Amino acid sequence: MLRNRTALRRCGNAMMAEMVHGSAVAIDGNGVLLLGPSGSGKSDLALRLIDHGAKLICDDILHIEEINALPQLACAPNIAGKIEVRGIGICPTDFVPSAPLRLIVELAQDVDRMPPKYQSITIAGYSVPMFKLDPFQASSVLKVEWALKSVIDAELHPVANTVAAFNESEMM
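Residues numbered from 1 in each chain as written. Predicted model: local features only at pLDDT ≥ 70, side-chain atom pairs only at ≥ 80, totals over all residues. Heavy atoms only, no water.

A. Layout of the overall build of the chain. When helices and strands are counted, the chain shows three helices and 12 strands. For the chain, buried positions account for 44% of its 172 residues. Contacts in the chain between residues at least 24 apart in sequence constitute 67% of all its contacts with a sequence separation of at least 6. On the chain, roughly 9300 Å² of surface is accessible, and the fraction owed to carbon and sulfur atoms is 55%. (Helix = DSSP H or I, 4+ residues; strand = E, 2+ residues; numbered from the N terminus. Buried < 20%, exposed > 50% of the residue type's maximum accessible area, 1.4 Å probe, protein only. Contact = heavy atoms within 4.5 Å. Areas by Shrake-Rupley, 256 points an atom, 1.4 Å probe, with all protein chains shown as cover.)

B. Main features of unusual backbone geometry. Notably, Asn 68 is not glycine yet its phi reads approximately 55°, a positive angle. Relative to the helices and strands, Asn 68 resides in the loop between β5 (55-67) and β6 (70-75). The class for Asn 68 is exposed, based on a relative accessible area of 71%. In this structure, Ala 69 is a non-glycine residue whose phi angle is positive, near 65°.

C. Representation of the pairing of β5 within the structure. Strand direction decides the pairing type here: strand β3 (residues 18-27) and β5, joined by nine bridges, are antiparallel. Pairing of Met 19 across the sheet is with His 63, part of β5. Note that β5 and β6 share six bridges and pair antiparallel. Paired with Ile 64 across the bridge in β6 is Leu 73. (Pairing = 2+ DSSP bridges.)

D. Summary view of the side chain of Arg 102. Within the secondary structure, Arg 102 is located in strand β9 (residues 98-107). The side chain of Arg 102 sits in the buried core without any salt bridge; Glu 155 is the nearest counter-charge, 8.3 Å away. For Arg 102, the side chain forms a polar contact with the side chain of Asn 30, separated by 3.5 Å. (Lys, Arg positive; Asp, Glu negative; His and termini not counted. Salt bridge = Lys/Arg side-chain N within 4 Å of Asp/Glu carboxyl O. Polar contact = N/O pair within 3.5 Å; in protein donor to acceptor, adjacent residues only side chain to side chain.)

E. Representation of the environment of Arg 102 in the model. Residue Arg 102 is classed as buried on the basis of its relative accessible area, which comes to 9%. Between the C-alpha atom of Arg 102 and that of Val 32, which follows or precedes it by 70 residues, the distance is 6.1 Å. With residues up to four places along the chain from it excluded, the contact list for Arg 102 reads Asn 30, Gly 31, Val 128, Pro 129, Leu 148, Val 151, Ile 152, Leu 156 and His 157.

F. Inspection of helix α1 (residues 42-51) at higher detail. Restricting attention to buried positions, one finds in α1 the residues Lys 42, Ser 43, Leu 45, Ala 46, Leu 49 and Ile 50. Buried residues of α1, seen end-on, are gathered within an arc of 160° and therefore sit on one face of the element. After α1 finishes, the residue Gly 53 shows a positive phi value of roughly 115°. (Arc of directions from axis to C-beta.)

G. Representation of the pattern of salt bridges within the structure. Inspection of every chain in the model, using the stated rule, returns three salt bridges. One salt bridge in this structure joins Arg 48 and Asp 44, with 2.9 Å as the shortest N-O distance. You can see Arg 48 and its partner Asp 44 sitting in helix α1, four residues apart, about one turn around the helix. Arg 48 sits in the partly exposed class, given a relative accessible area of 24%.

H. Structural detail: the environment of His 157. Here His 157 lies in the loop between α2 (140-153) and β12 (159-160). Residue His 157 is classed as partly exposed on the basis of its relative accessible area, which comes to 43%. Distance from His 157 to Pro 71, taken between C-alpha atoms, is 9.9 Å for residues 86 residues apart in sequence. Sequence-distant contacts of His 157, defined by excluding residues within four places in its chain, comprise Arg 102, Ser 127 and Pro 129.

I. Quick look at the pairing of strand β11 (residues 126-133). Of all eight residues that make up β11, six are buried, and the element is covered over most of its length. Across four bridges, β9 lies against β11 in parallel orientation. Considered in β11, the bridge of Ile 104 is made with Met 130. Inspection of the sheet shows strand β10 (residues 119-123) paired to β11 by five bridges, in the antiparallel sense. From the neighbouring strand, Thr 122 faces β11, where its bridge partner is Ser 127. Linking two consecutive strands that pair antiparallel, namely β10 and β11, is a turn of two residues; a positive phi of about 55° is found at Ala 124 within it.

As structure tokens, then:
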């Protein structure tokens, strides 16, 4: 499913940052990670979220770092403030260098009409709230904002999953 991504890996007692293929934006300081295969609409949805008030964290490659025992989305320095706009090229945009990860949005064409209320996915050894959506629907930007609001209102945060972290380190 999301096997093309890597995240944190354990090196002794420290967690080392790894790269993730995706796009990320900050909405009111909360990091939203957009995941999907190449060409699935990550940059396009990020661009529309930016137009709606979000700030780019990073497009295409980003890092997940652990700060104060919580996952943070951080930009790869060489592509900071740049987003790919398909058909136009690489364009500069305002950005924030990092934000705490609060939500993962998995891009998919086949989305359940009535999914379970709260879903999660494990990344970087954390169980993170997750929603699936079709990025090309006109309402996709609002759906991301509503999904984030529901996570915040329910006081859901990424939760360390030591079993998942061990399994991820074993797979690398």
